[in-house]
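Residue-level structure breakdown
Spelled out from the first residue to the last, the chains are:
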Amino acid sequence: MQRIAVLTSGGDAPGMNAAIRATVRTAIDWGWEAFGVKNGFAGLIAGSIVPLGKRDVGGIIQRGGTMLGSARCREFCAEEVQRQALDRLEERGIDALVVIGGNGSQTGAHALSRRGLPVVGVASTIDNDLSGTEVTIGVTSAVDVALEAIDRLKVTGESHHRAFLVEVMGRKCGYLALMAGLAGGADAIVIPEQETDPERVADNLRAAYANGKAHAIVVVAEGARNNAEGMAEYFREHHQRLGFELRVTKLGHVQRGVAPGAFDRLLGTRLGAAAVEQLAGGVHGVLVGQIGGRVGATPLDEVVGRTKPLDLDLLELAQVLAR
Ligand code: F6P
């Protein structure tokens, strides 16, 4: 390897900048030239590629988002578009690519790898729905944002004797909701991986009220069959008497823009450096992630299109603790 490029793709995640910084500086340490691709695969097709030196990635480790920009690029599924991307890299004499992102991004990385480009993926998404890693860059900071919101909602909820349905992101994965709900002491958690009868949530709220609680919190994953609005609508239509007055708070993109905490800075740093080490060792077509608490690599073949199972014992634990 002599010239490598790095891009960030899909939803931005806190800690991506730490991963860019580590990729660039480790590559330069190997004596290679480093390049940044602007705005994910869309920028790659357009040839938006800039050289990056050590100082270009200074002062970013503490910043949320991604200094390279990101995008969702549906057209990247097309073979001719993938070929264009390879042409752009070849024109710049770039021999390898590091792709920092989640499921969709690693599908793009896999496609380029199958076309012969040395590619290493770095596991990064606030959804933590990527196989090949126990935890992705960004999810821990996103959980912290949800927790801060939950703690504040408890304060105002207590003042007004209200229950809140708090909707968190996560696409089809309930990890964010489960972790935020468990750490936030929620009275119920609703996730896509396990069908939840709204009647059961209503029972939990009534029980909390009967037990003398002044507030109640239900954390709902956006990908659940009933999202927070859907659940509130159900309660309205069925004239459920919950005791509490009900409000809905949808956190949305607020969870993404936060500055990365220590964990995500460290994970981004370790995985960015590991991506370069893999390439230096002649290994590519893999995703670097955390496996058994250590940095490990998994073939992209075994990562894309897989669903990462959620630890449903934790949902059971949350239910026990809410009683
Ligand atoms: O994949 C990360 C994520 O934040 C999901 O949790 C969410 O469903 C989605 O991105 C939102 O996408 P967009 O930023 O394109 O609206």
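Residues numbered from 1 in each chain as written. Predicted model: local features only at pLDDT ≥ 70, side-chain atom pairs only at ≥ 80, totals over all residues. Heavy atoms only, no water.

1. Digging into the site of the ligand
Neighbouring the ligand are the residues Arg 72, Ile 126, Asp 127, Met 169, Gly 170, Arg 171, Glu 222, His 253 and Arg 256. Contacts to the ligand include Gly 170, whose backbone N or O atom sits 3.0 Å from an oxygen atom. For the ligand, an oxygen atom lies 2.8 Å from a polar atom in the side chain of Arg 256. Here the ligand, which alone exposes 400 Å², has 75% of that area covered by the protein. Structurally, the shell around the ligand is a two-domain feature, drawing no fewer than three residues from each of domain 1 (3–138 + 260–302) and domain 2 (140–256). (Near = heavy atom within 4 Å. Polar contact = N/O pair within 3.5 Å; in protein donor to acceptor, adjacent residues only side chain to side chain. Areas by Shrake-Rupley, 256 points an atom, 1.4 Å probe, with all protein chains shown as cover. Domains from an automatic or database assignment.)

2. Structural notes on the domain arrangement of the protein chain
By a widely used convention, the size of an interface equals the accessible area lost when the partners come together. Domain annotation of the protein chain identifies domain 1 (3–138 + 260–302) and domain 2 (140–256). Each of domain 1 and domain 2 has a C-alpha centre, and these two points are 34 Å apart. Counting from both sides, the interface comprises 14 residues of domain 1 and, opposite them, 11 residues of domain 2. Summing both sides of the interface, domain 1 and domain 2 together bury roughly 1100 Å²; the carbon and sulfur share of this comes to 48%. With a closest N to O distance of 2.7 Å, Asp 12 and Arg 256 form a salt bridge. The interface formed by domain 1 and domain 2 contains 6 residue pairs in polar contact (both at pLDDT 80 or more). (Contact = heavy atoms within 4.5 Å. Buried area = accessible area lost by both parts, 1.4 Å probe. Salt bridge = Lys/Arg side-chain N within 4 Å of Asp/Glu carboxyl O.)

3. As for the packing of aromatic side chains
Within this structure, the stated rule accounts for 4 aromatic pairs. Note on Tyr 209 and Phe 244: the rings are 5.1 Å apart at their centroids and 80° apart in plane angle, and the pair reads as edge-to-face. A residue pair is termed long-range when its members are at least 10 positions apart, and Tyr 209 in helix H7 (residues 198–210) and Phe 244 in the loop between helix H8 (228–237) and strand E9 (245–250) qualify at 35 residues. (Phe/Tyr/Trp six-rings, centres within 6.5 Å; stacked < 30°, edge-to-face > 60°. Helix = DSSP H or I, 4+ residues; strand = E, 2+ residues; numbered from the N terminus.)

4. Comments concerning the layout of surface pockets
Taken as a whole, the largest pocket encloses approximately 860 Å³ of empty space. The biggest single contributor to the lining of the largest pocket is helix H4 (residues 103–114), with 6 residues. Across the lining of the largest pocket, the residue classes tally to 12 nonpolar, 14 polar and 12 charged. Of the residues that make up the lining of the largest pocket, three or more belong to each of domain 1 (3–138 + 260–302) and domain 2 (140–256). Here the second largest pocket is characterised by a volume of approximately 190 Å³. (1 Å grid on protein atoms, 1.4 Å probe; cavity = no way out; pocket = protein on both sides within 12 Å on 5 of 7 lines; lining within 4 Å. Points joined across faces, edges and corners; volume = space filled by probe spheres on them. Nonpolar A, V, L, I, M, F, W, Y, C, P; charged D, E, K, R; others polar.)

5. So, the packing of helix H5 (residues 139–160) against helix H6 (residues 175–183)
If you want to describe how two helices pack, look at the angle between their axes and the distance between the axes. At their nearest, the axes of H5 and H6 sit 9 Å apart, and the two run at 50° to each other. Taken together, H5 and H6 sit at an angle that is classed as oblique. Between H5 and H6 the crossing geometry is right-handed. Between H5 and H6, the contacting residues are Val 139, Ala 142, Val 143, Ala 146, Leu 147 and Ile 150 on the first element and Tyr 175, Leu 176, Met 179, Ala 180 and Ala 183 on the second. Across the contact of H5 with H6, the residue classes break down as 11 nonpolar, no polar and no charged. (Axes fitted to C-alpha atoms, helices over the stretch in contact; angles between N-to-C directions. Parallel < 35°, antiparallel > 145°, perpendicular 65-115°, else oblique. Left-handed = near helix turned anticlockwise from the far one by under 90°.)

6. What to know about the environment of Ile 150
Summarising the element assignment, Ile 150 is placed in helix H5. A sequence separation of 50 residues divides Ile 150 from Arg 200, and the C-alpha atoms of the two residues are 21 Å apart. Contacts of Ile 150, omitting those with residues within four sequence positions, involve Ala 180, Gly 184, Ile 217 and Val 219.

7. Considering the pattern of salt bridges
The final tally for this structure, using the stated rule, is 14 salt bridges. A salt bridge links Arg 206 to Asp 203; the nearest nitrogen and oxygen atoms lie 3.0 Å apart. Taken together, the positions of Arg 206 and Asp 203, both in helix H7 and 3 residues apart, correspond to about one turn of that helix. By relative accessible area, which is 43% here, Asp 203 ends up partly exposed. With a closest N to O distance of 3.0 Å, Arg 236 and Glu 233 form a salt bridge. Placement of the pair is Arg 236 and Glu 233 together in helix H8, with a separation of 3 residues, close to one helical turn. In this structure, a network of salt bridges that share partners links the residues Arg 162, Glu 245 and Arg 247. (Buried < 20%, exposed > 50% of the residue type's maximum accessible area, 1.4 Å probe, protein only.)

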